[in-house]
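Chain and residue survey
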There are 2 protein chains.
Amino acid sequence: MEVAIMLYNGITALDALGPYEVFAAVTGSKVKFVAKDKGLIKLDSKMGYLHADYSFSEVTSADILVVPGCRPPNYKTPMNDKNTLNWIRQIHETTKWTTSVCTGSLILSAAGLLHGVKATSHWSSFDLLHSLGAIPTDERVVRQGKIVTAAGVSSGIDMALQLVAWESGEDMSKAVQLILEYDPMPPFDSGSPKKAPAPVVEQLRGMLQELEKQDPDL
Amino acid sequence: MEVAIMLYNGITALDALGPYEVFAAVTGSKVKFVAKDKGLIKLDSKMGYLHADYSFSEVTSADILVVPGCRPPNYKTPMNDKNTLNWIRQIHETTKWTTSVCTGSLILSAAGLLHGVKATSHWSSFDLLHSLGAIPTDERVVRQGKIVTAAGVSSGIDMALQLVAWESGEDMSKAVQLILEYDPMPPFDSGSPKKAPAPVVEQLRGMLQELEKQDPDL
């Protein structure tokens, strides 16, 4: 199982590292962090870096492509970069599964892969996803054909475990879940807009919509 | 809230990046990735890197210290490194919370911080944790005084959300959970040895015990 995880400046680390940790635990897997240029990749928090070990030109195929998301408006840069969109389309031609986490689905949309396709994104980005031609679907992991999109940030872990089950069988997925001791127990039940207190939802929605109007600054 | 996350070669990425993502989402927080030497940090999978932006000498205090874990036998190197253990003890003197994820508790033990203290670790490392003088406690997040230890890998997310609630209030913790859309839905219920199929548990336990006997090779 060869997995290519696309990185770019301004990315949300957990969007990439959640799926990475799941796939890296699968026997015989090979996970590659790939970016336009190799080297350090700035995080959206501006408080750290990931590292791309491969440039786009060095990775020409993958069994699974993962396009992670980021805070608004950071996705605008990859969404407007021809090299990035061409590479996504090129890899998509070779994949068994083309996937995204969080606002990574906006980047897949910009690459032309989600027109008329059921997909999800971060809960705050459904309008934008719709305006790009996808069919926003309020589930944690959405599959249509070989395209699998996941909801916000942490959902990439659930998506990757599902993909491992499809690709390598349920026992492998259960083994990986046990290695990662993924028996989640958040202290509150506030992980979706349906469950979080309404004032918290509205405050965050407003904050994220304001960020969305800005230009990327990385 | 100043958070220092200790990195070292052979680390498990999600042990560090789960708490990072939670703390980085807290208004006004400052998260620092710190290692003996700054620069690239090899992951335990040997399929990528994290990056330490600060060396031990540059960080002399923290509100929260996070010591992430790793696959066996990688913890043996930090557990036997005087500079690492001295730095942990030095920072611990300054913290409100000293924490670990997964086998990071073995490193806290080696630093002398867990003698007679209730603590947890990855489920496969309870015997080793006990042999180091701690009192293994089978809960996902264990607090005794200002020391908070979390179970395997993914549990660092739950621990960090709990710490945010204690430090910044329940509403902030709920907001962070919503930003990360942490509404977990793993496809199976196999995240602890009590829940996973017995053959899967025994196979992994055997594999990890074999690794534990080896010398670090990084």
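Just so you know, these numbers come straight off a predicted model, no measurement behind them.

A word on the interface of chain A and chain B
Many authors give the size of an interface as the accessible area that is lost as the parts come together. Listed as interface residues are 64 residues of chain A and, on the opposing side, 64 residues of chain B. Of the roughly 5500 Å² buried at the junction of chain A and chain B (both faces included), carbon and sulfur atoms supply 64%. Measuring nitrogen to oxygen at the nearest pair gives 2.7 Å for the salt bridge that ties Asp183 of chain B to Lys195 of chain A. Where the side of chain A that touches chain B is concerned, the elements lending two or more residues are helix H1 (13–24), strand E2 (30–35), strand E4 (49–52), helix H6 (155–168), helix H7 (170–179) and helix H8 (198–212) of chain A. Sort the elements by how many residues they give to the side of chain A that touches chain B and H7 of chain A lands first, with 8 residues.

Thoughts on the relation of the copies chain A and chain B
Once turned by 180° and shifted 0.0 Å along the axis, chain A lies on chain B with an RMSD of 0.0 Å. The superposition of one copy onto the other is thereby described by a two-fold rotation axis. Taking C-alpha positions as reference, the residue of chain A nearest the rotation axis is Leu50 of chain A, located at 2.8 Å. Most of the interface of chain A is mirrored in chain B: 100% of its interface residues are interface residues there too.

Some details on the side chain of Asp183 of chain A
Relative to the helices and strands, Asp183 of chain A resides in the loop between H7 and H8. On the basis of relative accessible area, Asp183 of chain A is assigned to the buried category, the value being 10%. When residues no more than four places from it in sequence are discounted, the contact partners of Asp183 of chain A are Arg140, Ser154, Asp189, Gly191, Ser192 and Lys195 of chain B.

Notes on the packing of aromatic side chains
Counting across every chain of the model gives 6 aromatic pairs over all chains. Ring centres of Trp97 of chain A and Trp166 of chain A lie 5.1 Å apart, and the angle between their planes is 25°; on these two criteria the pair is classed as stacked. Of this pair, Trp97 of chain A sits in strand E7 (residues 97–101) while Trp166 of chain A is found in helix H6, placing the two residues 69 residues apart along the sequence. Here the basic side chain of Lys32 of chain A rests over the ring of Tyr54 of chain A, its NZ or CZ set 5.1 Å away from the ring centre. Positioned over the ring face of Trp166 of chain B is Arg143 of chain B, at 4.5 Å from the centre of the ring.

Quick look at the packing of H8 of chain A against helix H7 (residues 170–179) of chain B
It is the contact of H8 of chain A with H7 of chain B, at a shortest axis distance of 10 Å, that shows an interaxial angle of 55°. The angle between H8 of chain A and H7 of chain B falls in the class oblique. Of the two possible hands of crossing, H8 of chain A and H7 of chain B adopt the one that is right-handed. Counted together, Val200, Val201 and Leu204 of chain A of H8 of chain A and Asp171, Lys174, Ala175, Leu178 and Ile179 of chain B of H7 of chain B form the full contact between these two elements.

Considerations on the sheet that holds strand E6 (residues 64–67) of chain A
Residues and elements named next belong to chain A. If you trace the 7 strands from one edge of the open sheet to the other, you get E5-E2-E1-E6-E7-E11-E10, paired in mixed fashion. Two strands bound the open sheet, and with one partner strand each, they are strand E5 (54–55) and strand E10 (141–144). As paired strands, strand E1 (residues 2–6) and E6 are joined by 3 bridges and run parallel to one another. Bridging from a neighbouring strand, Ala4 pairs with Leu65 of E6. Taken strand by strand, H1 contacts E1, E2, E6 and E7, and its axis lies near 155° from that of E2. The sheet strands contacting H6 are E6, E7, E10 and strand E11 (147–150), and the helix crosses E7 at an angle near 165°.

Things to note about the sheet that holds strand E5 (residues 54–55) of chain B
Residue and element names in this part refer to chain B. Here 7 strands make up an open sheet; going across it, the order is E5-E2-E1-E6-E7-E11-E10 and the pairing mixed. The two strands at the open ends of the sheet, each matched to only one other strand, are E5 and strand E10 (141–144). Alignment of strand E2 (residues 30–35) against E5, held across 2 bridges, turns out to be parallel. Residue Val34 lies in a different strand from E5, and its bridge partner there is Tyr54. The strands that helix H1 (residues 13–24) touches are strand E1 (2–6), E2, strand E6 (64–67) and strand E7 (97–101); relative to E2, the one it contacts most, it runs at about 155°.

What about helix H3 (residues 82–92) of chain B?
Because each turn of an α-helix spans 3.6 residues, side chains separated by three or four positions end up pointing in the same direction. Along H3 of chain B, the residues classified as buried are Thr84, Leu85, Trp87, Ile88, Ile91 and His92 of chain B. Here the buried residues of H3 of chain B occupy an arc of 160° about the axis, which is enough to place them on one side.

Structural notes on a nonpolar patch on the surface
A cluster of nonpolar side chains, contributed by Leu40 of chain A together with Leu40 and Tyr49 of chain B, occupies part of the molecular surface with about 240 Å² of accessible area. By secondary structure assignment, the location of Leu40 of chain B is in strand E3 (residues 39–42).

Observations concerning the side chain of Thr95 of chain B
Residues and elements named next belong to chain B. On the secondary structure map, Thr95 appears in the loop between H3 and E7. Assessed through its relative accessible area of 7%, Thr95 is described here as buried. At 3.2 Å, the side chain of Thr95 and the backbone oxygen of His92 are in polar contact. Contact partners of Thr95, with chain neighbours within four places excluded, come to Ala62, Asp63, Leu65 and Lys146.

Focus: the environment of Val201 of chain B
Residues and elements named next belong to chain B. Mapping Val201 onto the fold places it in helix H8 (residues 198–212). Overall, the relative accessible area of 4% leaves Val201 in the buried class. For the pair Val201 and Ser190, spaced 11 residues apart in sequence, the C-alpha to C-alpha distance is 9.5 Å.

Calculation criteria
Within any chain, residue numbers begin from 1 and follow the written order of that chain's sequence. Naming scheme: in the order in which they are written, chains are lettered from A and ligands are numbered from 1. Local features in this predicted model are restricted to residues whose pLDDT is 70 or higher, and side-chain atom pairs enter the listing and the counts only when it is 80 or higher, whereas totals over whole chains, interfaces and linings include all residues. Calculation of side-chain values draws on the structure's entire complement of heavy atoms; hydrogens and water are dropped beforehand. Here, two residues are considered to be in contact whenever any of their heavy atoms come within 4.5 Å of each other. As used here, buried area is the combined drop in accessible area, with a 1.4 Å probe, of two parts when they are placed together. Any Lys or Arg side-chain nitrogen located within 4 Å of an Asp or Glu carboxyl oxygen qualifies as a salt bridge. Where helices and strands are cited, they refer to DSSP runs of H or I of at least four residues and of E of at least two residues respectively, numbered from the N terminus. Residues reaching a pLDDT of at least 70 in both copies supply the C-alpha atoms on which the copies are superposed by least squares. Only protein chains enter the calculation, and the probe is 1.4 Å; a residue is then buried if its accessible area is under 20% of its type maximum, exposed if over 50%, and partly exposed in between. Here is the rule: rings of Phe, Tyr and Trp (six-membered ring for Trp) pair when centre to centre is within 6.5 Å. Planes less than 30 degrees apart are stacked, more than 60 are edge-to-face, and the remainder are tilted. Two conditions define a charge sitting above a ring: the NZ of Lys or the CZ of Arg must be within 6 Å of the ring centre, and it must be within 35 degrees of the ring normal. Axis definition: a line fitted to C-alpha atoms, limited for helices to the stretch in contact. Angles are taken between N-to-C directions and run from 0 to 180 degrees. When describing relative orientation, an angle under 35 degrees is termed roughly parallel and one over 145 degrees roughly antiparallel, while 65 to 115 degrees is termed roughly perpendicular and anything else oblique. Should the near helix be turned counterclockwise from the far one by less than a right angle, the crossing is left-handed, whereas a clockwise turn marks it as right-handed. When DSSP finds two or more bridges between two strands, those strands count as paired. To be clear, the arc concerns the directions from the helix axis to the C-beta atoms. Two distance rules govern patches: like charges are joined within 9 Å, and nonpolar side chains (Val, Leu, Ile, Met, Phe, Trp, Tyr) within 5 Å, applied only to residues with over 30% relative accessible area and no salt bridge. To measure how exposed things are, a 1.4 Å probe is used in the Shrake-Rupley method; for residues, cover is taken only from the protein chains shown. We define a polar contact as two N or O atoms separated by no more than 3.5 Å, with the added condition that, inside protein, one atom must be a possible hydrogen donor and the other a possible acceptor, whereas residues neighbouring each other in sequence contribute only through side-chain atom pairs.

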